Amino acid sequence: MTDDQLIAVREKVNRMASSLPARIIAGLPDRRARITKATIDLPGRGLTLRVHRPAHADRTLPLIVSFHGGGFIAGTAAQNDWLNSHLAARCPSVVVSVEYRLAPQHPLPQPVEDGYDTLVRLVEDAAGWSIDPAAVAVMGESAGGMIAALVALRARKDGPPLHAQVLNYPSTDWTDTLENYPSVTENADNPTLSLPRLRAARKLSVPPTLDPRSVSPVKFDDLAGLPPTLVVTAALDPIADHGSRYVERLCEDGTDARLTCYPKATHGFLSIPGLVPAARPARREILAFLRSQLHDL
């Protein structure tokens with residue numbers, strides 16, 4: 001498949017993911033939240049944001065910056081409306097989902113730069129967004145979980161202070177050892193994320209000139225000083241062990257981190273609650289964790 005063909009397929013899939021029929025699988029947005037689109041100007045580019053707020057918010061709220069999955073080559077912010085709108089309404093908070101740039105036109109680390117620069121710009125204009133700059137979290141699923149983890153790693157020194165990170169079935173190893181985990185072998189043929197798809201995503205998103213360790217959180221030498229972390233994984237997911245190993249590393253370096261692995265759940269299950277019952281208890285756990293970290297300050 002050529003780059004142009006890939007882009008055409010991606011656009012078609014993203015339109016389908018945003019359609020009303022797809023909501024049967026992807027879940028209906030929470031009616032207590034309103035969803036709007038916004039744009040943000042960053043150096044050399046502009047990005048689209050999908051903003052979730054409580055329907056009747058009249059005060060400053062915590063900020064959750066969210067990143068969708070898709071292996072850095074696909075995906076759209078709308079696929080996380082079921083989760084993000086619920087968090088906005090129930091946390092309550094402002095959840096900003098970033099339409100970061102995608103490979104092959106924009107390989108790594110550009111999606112990570114989009115995530116970090118968006119976080120900084122939002123916090124800089126906290127009053128304009130009606131957000132509390134002292135109550136900020138990042139969250140992502142799959143490739144977006146990797147972005148969230150890398151944004152948190154970058155922010156811990158000079159960036160905006162973060163009070164929580166939620167990593168849902170994150171890919172944390174984009175190096176040559178990507179496949180060297182028991183879960184990859186055990187679930188290589190899982191249709192939600194097969195091994196060939198995982199390999200294709202790495203090939204298209206990691207350019208030869210980039211050291212893959214620089215975009216692989218589990219390979220960082222020092223994971224101290226990060227905010228409290230919740231990692232959610234799925235027992236039938238090839239990259240489940242990416243998440244569990246990252247939690248081990250975080251705990252070894254003194255970061256408060258916990259892991260929950262949902263049985264009978266597949267990769268991407270929080271985006272398909274109509275098919276995977278585990279999505280609802282997982283959403284409740286994420287909500288409770290973020291509420292405790294962002295409101296009990």
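For the structure, check the block above.
On a predicted model such as this, the values are computed, not experimentally measured, just so you know.

A. Fine view of a nonpolar patch on the surface. A contiguous nonpolar patch, built from I24, I25 and L275 and spanning about 330 Å² of accessible area, is present on the exposed surface. Examined against the element boundaries, I24 turns out to sit in helix α2 (residues 23-26).

B. Examining the sheet that holds strand β5 (residues 131-141) more closely. One open sheet accounts for eight strands, arranged β1-β2-β4-β3-β5-β6-β7-β8; its pairing is mixed. Two strands in the sheet have a free side with no partner beyond their single neighbour: β1 (33-42) and β8 (257-262). Mean inter-strand twist for the sheet, computed between neighbouring axes without regard to direction, equals 20°. Bridge count between strand β3 (residues 61-67) and strand β4 (residues 94-99): five bridges; the pairing is parallel. Residue pairing in the sheet places S66 in a bridge with S97 of β4.

C. A look at the pairing of strand β7 (residues 229-234). Summarising burial for β7: six of the six residues are buried, a large majority. The side-chain alternation of β7 yields two buried faces, one formed by T229, V231 and T233 and the other by L230, V232 and A234. Both β7 and β8 contribute to a ladder of six bridges, which runs parallel. Bridge pairing in β8 links V231 to L259. Taking the sense of rotation as the criterion, the β-α-β connection linking β7, helix α9 (residues 240-252) and β8 turns out right-handed.

D. Quick peek at the pairing of β1. In this sheet, strand β2 (residues 45-54) lies alongside β1 in antiparallel orientation, the contact comprising 10 bridges. Bridge pairing links I35 to H52 in β2. Hairpin connection between β1 and β2: a loop of two residues separates the two successive antiparallel strands, and G44 in this loop has a positive phi of roughly 80°.

E. Structural context of unusual backbone geometry. The omega torsion of the bond from C91 to P92 falls at -20°, within 30 degrees of zero and hence cis. With respect to the element layout, P92 can be found in the loop between α3 (81-90) and β4. Across the junction of L108 and P109, the peptide omega takes the value 10°, indicating a cis bond. Mapping P109 onto the fold places it in the loop between β4 and α4 (110-124). Although it is not a glycine, K264 sits at a positive phi angle of roughly 60°. Mapping K264 onto the fold places it in the loop between β8 and α10 (279-295). Using a relative accessible area of 75% as the deciding quantity, one classes K264 as exposed.

F. Local environment of the packing of α3 against α10. In contact at an axis separation of 10 Å, α3 and α10 are set at 40° when each is read in the N-to-C sense. Classed by the angle they form, the pair α3 and α10 counts as oblique. Here the hand of the crossing between α3 and α10 comes out right-handed. From α3, W82, L83, H86, L87 and R90 reach across to α10, where they touch A279, R280, R283, I286, L287, L290 and R291.

Cut-off values and rules
- Residues numbered from 1 in each chain as written.
- Predicted model: local features only at pLDDT ≥ 70, side-chain atom pairs only at ≥ 80, totals over all residues.
- Heavy atoms only, no water.
- Patch = residues over 30% accessible without salt bridge, like charges linked within 9 Å, V, L, I, M, F, W, Y side chains within 5 Å.
- Areas by Shrake-Rupley, 256 points an atom, 1.4 Å probe, with all protein chains shown as cover.
- Salt bridge = Lys/Arg side-chain N within 4 Å of Asp/Glu carboxyl O.
- Helix = DSSP H or I, 4+ residues; strand = E, 2+ residues; numbered from the N terminus.
- Pairing = 2+ DSSP bridges.
- Axes fitted to C-alpha atoms, helices over the stretch in contact; angles between N-to-C directions.
- Buried < 20%, exposed > 50% of the residue type's maximum accessible area, 1.4 Å probe, protein only.
- Right-handed = clockwise from strand over helix to strand, strands pointing away.
- Parallel < 35°, antiparallel > 145°, perpendicular 65-115°, else oblique.
- Left-handed = near helix turned anticlockwise from the far one by under 90°.
- Contact = heavy atoms within 4.5 Å.

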